[in-house]
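# Geometric and topological summary
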Amino acid sequence: MNALSKLIAVEAKLFLREPVSLFFVFALPLGLMLVFGLPQRGATEGGAGQHAELTFLPSLALALTIGMLALFTLPMVLGIYRERRVLRRLATTPVNPGLLLVAQVVVNLAMGVAGAVVTAIGVRFLLEQPAPANVPAFVLAFLLGVACLFAIGLLIAALAPSARAAQSIGPALFFPLLFLAGAWLPRDQMPAWLARIADYSPLGATVDTIAAAWAGDTPAWPQLLALAVTAVLGSVLATRFFRWE
Amino acid sequence: MPVIEVEHLHKRYGDKIAVDDVSFTVEQGEIFGVLGPNGAGKTTTVECVQGLRRADGGTVRVLGLDPIRDRAEVRQRVGAQLQESQLPDKLRVREALDLYRSFYRQRADIDELLADLGLTDQRNTAFHKLSGGQKQRLSVALALVGRPEIAILDELTTGLDPQGRRDTWDLVERIRDRGVTVLLVTHFMEEAERLCDRLAIIDTGRVVAIDTPSGLLSRVGTEHRVHFRALDAVDDALLAALPGVTGVRRTGDEITVTGPEEVLQTLLATLAEQKVRYAGLRVEQPTLDDAFVSLTGRAARTTTSPSTDERPS
């Protein structure tokens, strides 16, 4: 087995040994769905705008899964690896330490997909909601959301001075993004200028495009574009500023 | 045949000169020590040898290769143990070895390595459950898992208890017995004296001396130290003026007179003549510590309680 596949296998094992990450990915999104989704199901249709859309909650749950992996787990693990000189140690071997970063992204990505599938199945059967209708658009929106949020996570990992700092920057960024996505206040009740920003914010655009595809519509191109641009920008800056020690 | 050649190595971080001018060669099959106080530039020197840092001046050759330009080849053939490097908490001993082994062309037998390093019982133990000594041994095992020709061991015994330290020394000798050349970085005199065939003493980025431990001792000559407590007043200047005396120092109420072995006789005669009574007399023979002090002109700060961290930045 070559070094990269070995690294991925080991990182995957380490991920699965971390109960907190498993909870974030597989239990929390579904739990939130059930807590907020079940009461809503019986309520009268045609209530307040964004939150009344059937696909809003499941899309938010998926965005939550990706967001927590990208903004909590990834920067924290990379911060620890740098602080404990794991990356430095790897630099003394024939293997490029960049491969460990690749392995981390691959593992988190795989876990994100697995978490999304579990959540989607949960939504389908526990909440008796339809499966995603526009599958190609759904996959595209999901992947762009992943790319965008992971790029932000990598940028945090690159810029955070310590693992502890990375652990606080992630959540400090995550909750405002969640707010902009309309998790608490529906975006149609926000001031127009804020809603405008929110539409193109990483989680906002992810939730909207996934929700649209789930409902069978075509996601808005400007929002997909916003995700792609953020993904590229974040990755370039992360590569530029990443410190190995 | 030299396996490591360092010539006029110079390295600075911004305005701070970490390594001013360091040259030495390491012969195949020896244990070569790089000894010096914290901040002397030892770690930076070996990091340049490993190709982890690019030298600002001078040349470094490892197995005839340039560690920066031929880094892939050098890394295949040089195993390293880094100061204070750790592994992920939940990674198990055998998994770590198996992972690192996959990076190399030449691969050591893991079970044999585990047995050699006394880690067989810990093979399935997670990294964070290992003791300090076990972590250190694992770190050495990782440095050896690619069957290197050279092993670079940086501050190997820092933080270990005396027993762990002695076990680790045995281990280093066994590594050399396998035919591996060892470059050992330490600020610990006893360790250097016990293990090294030859050593370079580095202070403030320069090589002060390169010699065998006994060669270094002979350089400080026959310098002995006589310690005693004077029970009556005695003039330091008078003691310092005695023939052969090279130094008089007071620490609390203890007086230390240094000089060749004959100084003892002269000193005792003088004390009797001056009717100075004394107590707690003892004579110390020269050690590597003394060699260090006389070569660098200052005390080795950390011989008894090794601290950590001499990394720059």
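Here the residue numbers are simple positions, counted from 1 along each chain's written sequence. To label them, take the chains in the order written and letter them from A, then take the ligands in the order written and number them from 1. Under the rules for a predicted model, residues below a pLDDT of 70 receive no local features and side-chain atom pairs below 80 are neither given nor counted, while totals for whole chains, interfaces and linings still include all residues.

### Thoughts on the overall build of chain A
The line we're drawing: The secondary structure listing takes helices from DSSP runs of H or I that are at least 4 residues long and strands from runs of E that are at least 2 residues long, numbered from the N terminus. Just to be clear, the radius of gyration here is over C-alpha atoms, and the globule rule we use is 2.2 Å times residues to the power 0.38. Here the C-beta atoms are placed from the backbone, and a residue counts as buried if at least 20 other C-beta atoms lie within 10 Å of its own, exposed if 12 or fewer do, and partly exposed otherwise. Remark: residues whose backbone-derived C-beta atoms lie within 7 Å of one another are considered to be in contact.
Within chain A, the regular secondary structure consists of 11 helices and 0 strands. Across chain A, helices and strands are ordered from the amino to the carboxyl terminus as α-α-α-α-α-α-α-α-α-α-α. Computed over the C-alpha atoms, the radius of gyration of chain A is 18 Å, within 12% of the 18 Å expected from 2.2 N^0.38 for a compact globule of 245 residues. Seen through its C-alpha atoms, chain A measures out along the principal axes to roughly 65 × 40 × 30 Å. Evaluated residue by residue, chain A yields a buried proportion of 50% over its 245 residues. In chain A, once contacts between residues fewer than 6 apart in sequence are set aside, the share between residues at least 24 apart is 80%.

### Structural notes on the overall build of chain B
When helices and strands are tallied, chain B shows 11 helices and 13 strands. Seen through its C-alpha atoms, chain B measures out along the principal axes to roughly 75 × 45 × 35 Å. When the 313 residues of chain B are sorted by exposure, 42% land in the buried category. Restricting the contact set of chain B to residue pairs at least 6 apart, pairs at least 24 apart contribute 70%.

### Considerations on the environment of T43(B)
Residue and element names in this part refer to chain B. Tracing the backbone shows T43 in helix α1 (residues 42-50). By the C-beta count within 10 Å, which is 25 here, T43 ends up buried. The sequence separation of T43 and A18 amounts to 25 residues, and the corresponding C-alpha distance is 9.4 Å.

### Let's talk about helix α11 (residues 221-241) of chain A
All names here are of chain A. Quick reminder of the rule: The length a helix should cover is 1.5 Å for every residue beyond the first. In this context, the arc is that of the directions from the helix axis out to the C-beta atoms.
For α11, with 21 residues, the first-to-last C-alpha span of 30 Å sits near the 30 Å given by 1.5 Å per residue. Burial in α11 covers these residues: Q223, L224, A226, L227, T230, A231, G234 and A238. Here the buried residues of α11 occupy an arc of 155 degrees about the axis, which is enough to place them on one side. Away from the buried face of α11 by more than 90 degrees, exposed residues W221, P222, V229, V236 and R240 are located. Packing partners of the buried residues in α11 comprise α7 (135-159), α9 (192-200) and α10 (202-215).

### Topic: the interface of chain A and chain B
Accessible area lost when the parts come together is the quantity often used to give the size of an interface. Applicable threshold: Gly falls in the polar group here, along with every residue not listed as nonpolar (Ala, Val, Leu, Ile, Met, Phe, Trp, Tyr, Cys, Pro) or charged (Asp, Glu, Lys, Arg).
Contacts between chain A and chain B engage 16 residues on the former and 20 residues on the latter. Listed by contribution, the elements that provide at least two residues to the side of chain A that touches chain B are α1 (3-16) and α5 (86-91) of chain A. Among the residues forming the side of chain A that touches chain B, the class breakdown is 8 nonpolar, 2 polar and 6 charged.

### Some thoughts on the nonpolar core
Where we set the bar: Think of a nonpolar core as buried Ala, Val, Leu, Ile, Met, Phe, Trp, Tyr and Cys residues, each tied to the set through C-beta atoms within 7 Å.
Residues I210(A), L153(B), V182(B), L183(B) and L184(B) are the most contacted members of the largest nonpolar core, which totals 156 residues. For this core, the leading source of residues is helix α4 (residues 56-83) of chain A, giving 18 residues. Those residues in contact with L183(B) that lie beyond four places of it in its chain are I4(B), V26(B), F32(B), V34(B), V46(B), V49(B), I150(B) and I152(B). Residues F228(B), V248(B), I255(B) and V263(B) belong to the second largest nonpolar core, which totals 8 residues.

### Some thoughts on the domain arrangement of chain B
For clarity, the cut-off: Note: domain ranges come from an automatic or database domain assignment.
The domains assigned to chain B are domain 1 (2-218) and domain 2 (222-285). Between domain 1 of chain B and domain 2 of chain B, the C-alpha centre-to-centre distance is 43 Å.

### Description of the pairing of strand β11 (residues 247-251) of chain B
Residue and element names in this part refer to chain B. Put simply, the rule is: Strand pairing follows a simple DSSP-based rule, namely that at least 2 bridges must link the two strands.
Summarising the sheet, β11 and strand β12 (residues 254-259) pair through 5 bridges and their orientation is antiparallel. Among the inter-strand pairings, T251 is bridged to a residue of β12, identified as E254. The antiparallel hairpin formed by β11 and β12 contains 2 residues in its connecting segment, where G252 sits at a positive phi of about 65 degrees.

### Section: the confidence of the model for chain B
Residues and elements named next belong to chain B. This is how the line gets drawn: pLDDT gives the predictor's per-residue confidence on a scale running from 0 to 100.
Taken as a whole, chain B shows an average pLDDT of 87; of its residues, 94% reach a score of 70 or greater. Helix α11 (residues 288-296) is the least confidently modelled element of chain B, averaging 76 in pLDDT, while helix α3 (residues 93-101) averages 95, the highest of any element. Taken as a whole, residues 300-313 scores under 50 in pLDDT and shows 30 contacts with residues more than four places along the chain or in a different chain. With pTM at 0.79, the complex prediction returns an ipTM value of 0.83.

### A short note on unusual backbone geometry
All names here are of chain B. One non-glycine residue with positive phi stands out, namely R147, at about 45 degrees. With respect to the helices and strands, the residue R147 is situated in the loop between α5 (132-144) and β6 (150-154). The residue T204 is not glycine, and still its phi comes out positive at about 40 degrees. With respect to the helices, strands and loops of the structure, T204 is situated in the loop between β8 (198-203) and β9 (206-211).

### Considerations on the pairing of β8(B)
Consecutive side chains along a regular strand alternate between the two faces of the sheet. All names here are of chain B. Among the 6 residues in β8, 5 count as buried, and that is most of the element. Examined bridge by bridge, strand β3 (residues 31-35) and β8 share 4 bridges and lie parallel to one another. Bridged to V34 within β8 is A200. As defined by bridge partners, β8 adjoins β9 across 5 bridges and the pair is classed as antiparallel. Counterpart to I202 in the pairing with β9 is V207. In this antiparallel pair of consecutive strands, β8 and β9, the connection spans 2 residues, and T204 shows a positive phi of 40 degrees.

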